[in-house]
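# Architecture at a glance
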Amino acid sequence: MVLRINIIFILQIGKLQTTFHRWEQVSSNTGEYVHLTKELLTSCESIEWQVDELEKTISVASRDPAYYGLDEVELSRRRNWTGSARNQIGTVKRAVEKGKSNPAMARHQDNGTSRTNYCSSQDNDDYIASESDRQLLLMRQQDDELDELSASVQRIGGVGLTIHEELSGQERILNNLSLEMETTSNRLDFVQKRVAMVMKKAGIKGQIMLILFLVVLFIILFVLVFLT
């Protein structure tokens, strides 16, 4: 949840005041007066609902201001603003409802309402400028964070590419080793078959002579390697 007064919402209040000023200037016996009256009442209801939601949001944020990056001064400023907005809406709504029942009396009372709304309009303009600067700063901070995130992603991509190349090289080595082992296994099978054929042709006497020859050869190699 982001605790941020929407500038569009502030502009809606400004539009409400502009429409109210037009309503003050229009004759009460015209179709435009009736249309503006309906528009003002509808806008008041819509903005009142938004103020209620905003007050709920501020209430939730006040339980843990640090989590939302706020302090008590900022929360107080936002409460004051929502209170001021509610007063403006109430003033316009009461004036329009009185205008529906008694246009002449409403015109007389609207002079004071206009002065109040003018001061509130100035406050809104100041708040819009302040909020615009705040959101611009937040956007710049987000841009910086996105740049850092992009650089991190590029570094991770480079590491991933290096790992992929290493794995590909190891896979080639394993394939070559597997091929060499298969070749060696085929050669051993061939030698074993040849030895089996020789042993079979030589008979028992020949096999005994071959074994004795291999034993003597082993003894000679042992002596040459370990005793000399």
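Criteria and cut-off values
Residues numbered from 1 in each chain as written. Predicted model: local features only at pLDDT ≥ 70, side-chain atom pairs only at ≥ 80, totals over all residues. Heavy atoms only, no water. UniProt positions renumbered as here; feature names shortened; annotations may be inferred. Helix = DSSP H or I, 4+ residues; strand = E, 2+ residues; numbered from the N terminus. Expected span 1.5 Å × (residues − 1). Buried < 20%, exposed > 50% of the residue type's maximum accessible area, 1.4 Å probe, protein only. Phe/Tyr/Trp six-rings, centres within 6.5 Å; stacked < 30°, edge-to-face > 60°. Contact = heavy atoms within 4.5 Å. pLDDT = per-residue confidence, 0-100. Salt bridge = Lys/Arg side-chain N within 4 Å of Asp/Glu carboxyl O.

The protein carries the name t-SNARE coiled-coil homology domain-containing protein in an unreviewed UniProt entry, which gives Aegilops tauschii subsp. strangulata as its organism. Taken verbatim from the UniProt record of the protein, the Sequence similarities (unreviewed entry) comment is "Belongs to the syntaxin family." Its UniProt record gives the protein a comment under Subcellular location (unreviewed entry), which states: "Golgi apparatus membrane".

It is worth spelling out helix 2 (residues 31-61) at this point. Over its 31 residues, helix 2 extends 45 Å from the first C-alpha to the last, a length consistent with the 45 Å expected when each residue adds 1.5 Å. Residues of helix 2 that are buried: Tyr-33, Leu-36, Thr-37, Leu-40, Leu-41, Cys-44, Ile-47, Val-51, Leu-54, Thr-57, Ile-58 and Ala-61.

Turning our attention to the packing of aromatic side chains. This model, assessed by the stated rule, comprises three aromatic pairs. On the basis of an interplanar angle of 20° and a centroid distance of 5.6 Å, the ring pair of Phe-20 and Trp-23 is categorised as stacked. A residue pair is termed a helical-turn pair when its members lie 3 or 4 positions apart in one helix, as Phe-20 and Trp-23 do in helix 1 (residues 7-25) at three residues. Trp-23 shares its class with Phe-20; the two are buried. Aromatic ring contacts, followed pair by pair, group Phe-20, Trp-23 and Tyr-33 into a single cluster.

This part takes up the environment of Ser-62. Structurally, the position occupied by Ser-62 is in the loop between helix 2 and helix 3 (72-101). Placed 10 residues apart in sequence, Ser-62 and Glu-72 show a C-alpha to C-alpha distance of 7.9 Å. Discounting chain neighbours no more than four positions away, the residues touching Ser-62 are Leu-75 and Arg-79.

What follows is about the confidence of the model for the protein. The predicted coordinates should not be examined in detail at positions where pLDDT is low. For the protein, the average pLDDT comes to 76, and 77% of its residues sit at 70 or higher. The secondary structure element of the protein with the lowest average pLDDT is helix 4 (residues 103-226), at 73, and the one with the highest is helix 2, at 86. Low pLDDT, under 50, characterises residues 104-114; the predicted model gives this stretch 20 contacts beyond four residues in sequence or across chains.

With that out of the way, let us pick up the pattern of salt bridges. On inspection of all chains with the given rule, the structure shows seven salt bridges. The shortest N-O distance in the salt bridge between Glu-48 and Lys-93 comes to 3.5 Å. In this pair, Glu-48 is assigned in helix 2 and Lys-93 in helix 3, connecting sequence segments 45 residues apart. Of the residues examined, Glu-48 reaches a relative accessible area of 23% and is grouped as partly exposed. The shortest N-O distance in the salt bridge between Glu-53 and Lys-56 comes to 3.6 Å. Of this pair, Glu-53 and Lys-56 both sit in helix 2, three residues apart, which is roughly one turn of that helix.

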